[in-house]
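Results of the structural survey
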Amino acid sequence: GAVVSQHPSRVICKSGTSVKIECRSLDFQATTMFWYRQFPKQSLMLMATSNEGSKATYEQGVEKDKFLINHASLTLSTLTVTSAHPEDSSFYICSASGGGSYNEQFFGPGTRLTVL
Amino acid sequence: TQLLEQSPQFLSIQEGENLTVYCNSSSVFSSLQWYRQEPGEGPVLLVTVVTGGEVKKLKRLTFQFGDARKDSSLHITAAQPGDTGLYLCAGASNFGNEKLTFGTGTRLTIIP
């Protein structure tokens, strides 16, 4: 149980385009989803917390107009990187909470974004 | 701001040896989770510890939560190449859908 999927797993796009990443909880209802960014050989950096049906809460320094988050249902959250630039290239990981005994976060497999 | 410092940052040992990874903070956490992450994948939850002084075992892995719930350790006995990965501790301040504070990470390499 507590499986989270992400799609796509890898995307390459041109600078200036927008990219949407989907995060789904497959076997539980996720009242809260989280979006992280991870740079090579570093730990996870939280970008935003997303609750179903409400606006996402962004961490300090994360541009909400650039990283659009939608949490339309209890099993789906999306992250859209708008007008992507090479510096947005990174590993993006989502997690979902609600499937564990202590509301642990269960992570998706991640999405590798490369902006040319 | 809550911080979780992990040590060591990097560790490379021979197969069969034992090792301990530490996760320390000045903050109190209601629970602490350990994850292992392999390159190009998301972190996988290994264990959650909740009670101060709690010890949990997962095969060759032993996890301990400090009495004051500010620190934790992960001990691996007879390490195997399959244990190679990035180990992350993460603390939660409250039960419920609370964001996690992630540790700085320990990159472990087991040499066959």
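Because the structure is a prediction, the values reported are computed rather than measured.

**Some details on the nonpolar core**
Counting 26 residues, the largest nonpolar core has A:Val4, A:Trp35, A:Phe67, A:Leu79, A:Tyr92 and A:Leu113 as the members making the most contacts within it. Elements represented by at least two residues in this core include exactly β2 (10–13), β3 (19–25), β4 (32–38), β5 (44–51), β7 (67–73), β8 (76–81), β9 (90–97) and β11 (111–115) of chain A. Ignoring any residue separated from it by four or fewer positions in sequence, one finds A:Phe67 in contact with A:Arg37, A:Met47, A:Tyr58, A:Val62, A:Leu79, A:Thr80, A:Val81, A:Asp88 and A:Tyr92. By size, the runner-up hydrophobic cluster in this structure holds 22 residues, among which are B:Val21, B:Val47, B:Val49 and B:Phe63.

**Focus: the pairing of strand β2 (residues 10–14) of chain B**
The side chains of a regular strand alternate between both faces of the sheet. All names here are of chain B. Residues Leu11 and Ile13 of β2 are buried on one face, while the alternating residues Phe10, Ser12 and Gln14, pointing to the opposite face, are not. Pairing between β2 and strand β11 (residues 106–111): five bridges, direction parallel. Across the sheet, the residue bridging to Phe10 is Arg107, located in β11.

**Describing the state of the cysteines**
Applying the stated criterion across every chain, the model contains two disulfides over all chains. The residue that forms a disulfide with A:Cys23 is A:Cys94, at a sulfur-sulfur distance of 2.0 Å. Looking down the S-S bond of the A:Cys23 and A:Cys94 bridge, the torsion is 80°, so its handedness is right-handed. Within this pair, whereas A:Cys23 is found in strand β3, its partner A:Cys94 is found in strand β9, the two being separated by 71 residues in sequence. The exposure class assigned to A:Cys23 is buried, which follows from its relative accessible area of 0%. Relative accessible area serves as the criterion here: at 0%, A:Cys94 is assigned to the buried category. With a sulfur-sulfur separation of 2.0 Å, B:Cys23 is cross-linked through a disulfide to B:Cys89. Note on the B:Cys23 and B:Cys89 pair: the S-S dihedral is about 80°, so by sign convention the disulfide is right-handed.

The rules behind each value
Within any chain, residue numbers begin from 1 and follow the written order of that chain's sequence. To read the labels, note that chains go from A and ligands from 1, taken in the order they are written. Thresholds applied to this predicted model are a pLDDT of at least 70 for local features of residues and 80 or more for the giving and counting of side-chain atom pairs; totals over whole chains, interfaces and linings are not thresholded and use all residues. Water and hydrogen atoms play no part in the side-chain values, which are based on all heavy atoms of the structure. Here, nonpolar core refers to any group of buried Ala, Val, Leu, Ile, Met, Phe, Trp, Tyr and Cys residues whose side-chain atoms link them within 4.5 Å. Burial status follows relative accessibility: with a 1.4 Å probe on protein chains alone, a residue under 20% of its type maximum counts as buried, one over 50% as exposed, and anything between as partly exposed. Numbering of helices and strands runs from the N terminus, with a helix taken as a DSSP run of H or I at least four residues long and a strand as a DSSP run of E at least two residues long. Only heavy atoms matter for contacts: two residues are in contact if any of them lie within 4.5 Å across the pair. Paired strands, as defined in this entry, are two strands with at least two bridges between them according to DSSP. We call a pair of cysteine sulfur atoms a disulfide whenever their separation is within 2.5 Å.

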